[in-house]
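Overview (structure and organization)
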Amino acid sequence: MTHPIQIILTRQLAGYLSVPFFLVDPKGKLLFYNEPAEAVLGRRFDETGVMPAEEWSSIFTVVDDDGRAVPPNDLPLMITLTKRRPAYSRFFIKGLDGVVRHVEVAAIPISGLQDEFLGAAAMFWEVPE
């Protein structure tokens with residue numbers, strides 16, 4: 001599948017960032033996450049590959065500060081996909097390696113030159129305890 005140049009360039013940029021970065025298309029299909037994200041998510045991108053939003057939004061156990069499950073539609077990246085606006089949150093995520101991490105997530109929409117919605121990206125980082 002061919003992607004718009006903005007998505008290709010965003011993926012290229014993600015490879016140079018030291019902050020974990022997650023990239024999805026307009027339907028939420030995971031296109032890429034970078035090496036720093038692999039450490040937080042508990043698995044290399046080469047091992048997970050491209051996956052639909054229904055899978056990535058439920059494959060990781062996400063709970064709030066009170067230990068309540070966070071519904072997939074309340075995740076910042078899903079909010080950005082549905083409302084096409086930035087979103088932010090802080091929660092605990094259990095990676096595919098079984099480790100629970102406290103993270104902050106900021107998600108942003110990606111638009112084309114004609115303001116068409118091309119997808120979204122999320123940057124996240126572990127919260128120091």
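This section reports on the structure supplied with the text. Bear in mind that the values here come from a model prediction, so they are computed numbers and not experimental data. (Residues numbered from 1 in each chain as written. Predicted model: local features only at pLDDT ≥ 70, side-chain atom pairs only at ≥ 80, totals over all residues. Heavy atoms only, no water.)

Structural notes on unusual backbone geometry
Rules: A helix here means a DSSP run of H or I that spans at least four residues, while a strand means a run of E at least two residues long, and both kinds are numbered starting from the N terminus.
Positioned with a positive phi, Arg84 is a non-glycine residue whose angle comes to about 55°. Assignment of secondary structure puts Arg84 in the loop between helix H5 (76–83) and strand S4 (87–94). Phi is positive for Asp115, close to 65°, though the residue is something other than glycine. Along the chain, Asp115 falls in the loop between strand S5 (100–111) and strand S6 (117–126).

Focus on the packing of aromatic side chains
Cut-off, in case you're wondering: Ring pairs shown here join Phe, Tyr and Trp side chains whose ring centres sit within 6.5 Å, with only the six-membered ring taken for Trp; geometry is labelled stacked below 30 degrees between planes, edge-to-face above 60, and tilted in between. Relative accessibility thresholds used throughout: buried, under 20% of the residue-type maximum; exposed, over 50%; partly exposed, between the two (1.4 Å probe, protein chains only).
Under the defined criterion, the tally for this structure stands at four aromatic pairs. On the numbers, 5.1 Å between centres and 65° between planes, the contact of Phe22 with Trp56 is edge-to-face. With Phe22 in strand S1 (residues 21–24) and Trp56 in helix H4 (residues 53–59), this residue pair connects regions lying 34 residues apart in the sequence. Taken as a pair, Phe22 and Trp56 share a single burial class, namely buried. On the basis of an interplanar angle of 65° and a centroid distance of 5.4 Å, the ring pair of Phe32 and Phe45 is categorised as edge-to-face. Here Phe32, found in strand S2 (residues 30–33), pairs with Phe45, found in helix H3 (residues 45–48); they are 13 residues apart in sequence, far enough to count as distant. The exposure class assigned to Phe32 is buried, which follows from its relative accessible area of 12%. When its relative accessible area of 8% is taken as the criterion, Phe45 is described as buried. Of the aromatic side chains, those joined through ring pairs into one cluster are Phe22, Phe32, Tyr33, Phe45 and Trp56.

Re the sheet that holds strand S3 (residues 61–63)
Condition: Strand pairing is assigned whenever DSSP detects at least two bridges linking the two strands. Axis definition: a line fit to C-alpha positions, over the contact stretch in the case of helices; interaxial angles, taken between N-to-C directions, run 0 to 180 degrees.
One open sheet accounts for six strands, arranged S2-S1-S6-S5-S4-S3; its pairing is antiparallel. Each end of this open sheet is capped by a strand with a single partner; those strands are S2 and S3. This sheet shows a mean twist of 30° between the axes of neighbouring strands, independent of strand direction. Bridging between S4 and S5 involves eight bridges; their strand directions are antiparallel. Among the inter-strand pairings, Ile93 is bridged to a residue of S5, identified as Arg101.

Structural measurements only, silent on function.
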